[in-house]
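Spelled out from the first residue to the last, the chains are:
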Amino acid sequence: MLDIAGLRADTPGCENQVFLDSAGSSLPPRAVVETTIAHLRREAEIGGYRAANERLDDLHGVRTVIAELINADPAALAFSDSASRSWSDFFYSVPLAPGDRILISGADYGSNAIAALQRARRTGAVVEAIPADGSGQLDLDALAAMVDERVKLVSLVHVPTNGGLVNPVAEATRIAHRVGALVVLDACQSAGQLPLDVAELDVDALSATGRKWLRGPRGTGFLYVRPELARSLEPGRLDLRSAEWTAPGDYVLSPDAGRFEFWECSVATRLGLGAAVRYLLDLGPAAVYAAIAERAEYLRKALQELPGVEVRDRGIQHAGIVSFIVAGQEPIQVRDRLAAADITVTVSHRSSTLLDMSARELNSVVRASPHCFVSFEDLDRFVGAVRALA
Ligand SMILES: *Cc1c(COP(=O)(O)O)cnc(C)c1O
């Protein structure tokens, strides 16, 4: 059981508002803010290089806690400043030729779809979307019928940005692997709210961001690449961290996922990300995940009962995102009216998940995403405010 009062005391931002945007940019625990700021102060005292040298063990520790969280080898991780950066660092390194097929998820994130379209234009590959089944999740039968040996890469989104469903990643990955395709998993909306085990899911690469359910600082993200695969890929851009300049005319790539990482980084926010993941591991991820699911389900039920409110979540297994619309009101109006009552939700727009939103004839939805530090009184206050609006 989680100590909710303790969690709230650790989260100064939740005192004066109902915060329901952990799918956008969550409230970090105190330890994350303090770790980050303390390092910036130290840099100002002794310079960034000496300050980083003092924290070499802790920096390595950031790698090991994330590795523990997703059950990966620490050397299979590469840090960056966002999930999109990490995803594209991997994606652009996969060789493609004319006629190759890239499959994306019907609810894939805009940035990933744009990257796929750009590479298709440049290489002569084609992009095709995996349809949704009647429940809204990835249609596994359709995927099985689509794959052939021309499919080089399958992009799966674990939890779409615009709703609470969880896609059957392990099953889809098995289907993709039958034809030798690589699978890259966008775990932005699952890291920190669902179990993530790269060995069990068997994906070839995975990207995630720090600021959402993991509650880390903005400007942090990471990539996992299966070790044997990492050794066979050459990223499109290199520096002296991703490779070593070994002779006037030669360089050698880093032997592991480090080849996807540049040397310069924000040490303060990376340490902050480590503090966030350590905090999650100390709480016990299973308890956190259960608390999130319980809160989201509570909201879904309560909102469904309100006249004039329509919950738009689909899928069979649900996660911490609750999407809804209020009859006669634009989602941004709903967001702004709730903000005036010190309730933070956000809006997911059509262009973030164009295929899925177009298929459902939606321009935007209101998105409420409660983390474990949100109390049931908070949830009731939010539901009351939506009732008053509707
Ligand atoms: C937020 C999000 C991203 C992008 O993460 P960044 O860190 O902003 O690059 C990618 N995919 C999904 C599903 C997201 O929700």
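No experiment lies behind these values; they were computed from the predicted model shown.

Draft legend 1. Structural view of the overall build of the protein chain. In terms of regular secondary structure, the protein chain is built from 15 helices and 15 strands. The globule rule puts the C-alpha radius of gyration for 390 residues at 21 Å, and the 21 Å found for the protein chain is close to it. Expressed along its principal axes, the backbone C-alpha trace of the protein chain runs to roughly 70 × 60 × 35 Å. Of the roughly 16600 Å² of accessible surface on the protein chain, a fraction of 52% belongs to carbon and sulfur atoms. For the protein chain, the distance from the average site of its 39 positive side-chain charges to the average site of its 50 negative ones is 4 Å.

Draft legend 2. Region of interest: the pairing of strand β5 (residues 151-157). Within β5, six of the seven residues are buried, which leaves it mostly tucked inside the rest of the structure. Here four bridges tie strand β3 (residues 101-105) to β5, and the two strands are oriented parallel to one another. Of the residues in β5, the one forming a bridge with Ile102 is Leu153. Pairing geometry for β5 and strand β6 (residues 182-186), over five bridges, is parallel. Paired with Val157 across the strands is Asp186, a residue of β6. Handedness of the crossover joining β5 and β6 through helix α8 (residues 169-178) is recorded here as right-handed.

Draft legend 3. How the structure looks around the site of the ligand. Lining the immediate surroundings of the ligand are 13 residues, of which Ser84, Thr161, Asp186, Thr209 and Lys212 lie closest. Contact between the ligand and Gln189: an oxygen atom at 2.8 Å from a side-chain N or O atom of the residue. Its free accessible area being 390 Å², the ligand has 92% of it covered by the protein chains. Among the residues forming the shell around the ligand, the class breakdown is five nonpolar, five polar and three charged.

Draft legend 4. Structural view of the UniProt feature "domain: Aminotransferase class V" (unreviewed entry) in the protein chain. Cross-referencing UniProt, the feature "domain: Aminotransferase class V" (unreviewed entry) maps to residues 18-382 in the present numbering. The span residues 18-382 is 40% helical and 18% strand by assignment, and the distance between its end C-alpha atoms comes to 7 Å.

Draft legend 5. Layout of the UniProt feature "modified residue: N6-(pyridoxal phosphate)lysine" (unreviewed entry) in the protein chain. According to UniProt, the feature "modified residue: N6-(pyridoxal phosphate)lysine" (unreviewed entry) maps to Lys212 in the numbering used here. Secondary-structure assignment places Lys212 in the loop between β7 (205-209) and β8 (221-225). The exposure class of Lys212 is buried, given its relative accessible area of 5%. In contact with Lys212, not counting residues within four places along its chain, are Ser22, Ala23, Gly24, Ser26, Cys188 and Gln189.

Draft legend 6. Layout of the environment of Val166. With respect to the helices, strands and loops of the structure, Val166 is situated in the loop between β5 and α8. A relative accessible area of 5% means that Val166 is categorised as buried. Sequence-wise, Val166 and Gly315 are 149 residues apart; in three dimensions their C-alpha atoms are separated by 6.8 Å. Those residues in contact with Val166, other than ones at most four positions away along the chain, are Gln137, His158, Val159, Leu194, Gln317, His318 and Ala319.

Criteria and cut-off values
Residues numbered from 1 in each chain as written. Predicted model: local features only at pLDDT ≥ 70, side-chain atom pairs only at ≥ 80, totals over all residues. Heavy atoms only, no water. Helix = DSSP H or I, 4+ residues; strand = E, 2+ residues; numbered from the N terminus. Rg over C-alpha atoms; globule rule 2.2 N^0.38 Å. Areas by Shrake-Rupley, 256 points an atom, 1.4 Å probe, with all protein chains shown as cover. Lys, Arg positive; Asp, Glu negative; His and termini not counted. Charge placed at Lys NZ, Arg CZ, Asp CG, Glu CD. Buried < 20%, exposed > 50% of the residue type's maximum accessible area, 1.4 Å probe, protein only. Pairing = 2+ DSSP bridges. Right-handed = clockwise from strand over helix to strand, strands pointing away. Near = heavy atom within 4 Å. Polar contact = N/O pair within 3.5 Å; in protein donor to acceptor, adjacent residues only side chain to side chain. Nonpolar A, V, L, I, M, F, W, Y, C, P; charged D, E, K, R; others polar. UniProt positions renumbered as here; feature names shortened; annotations may be inferred. Contact = heavy atoms within 4.5 Å.

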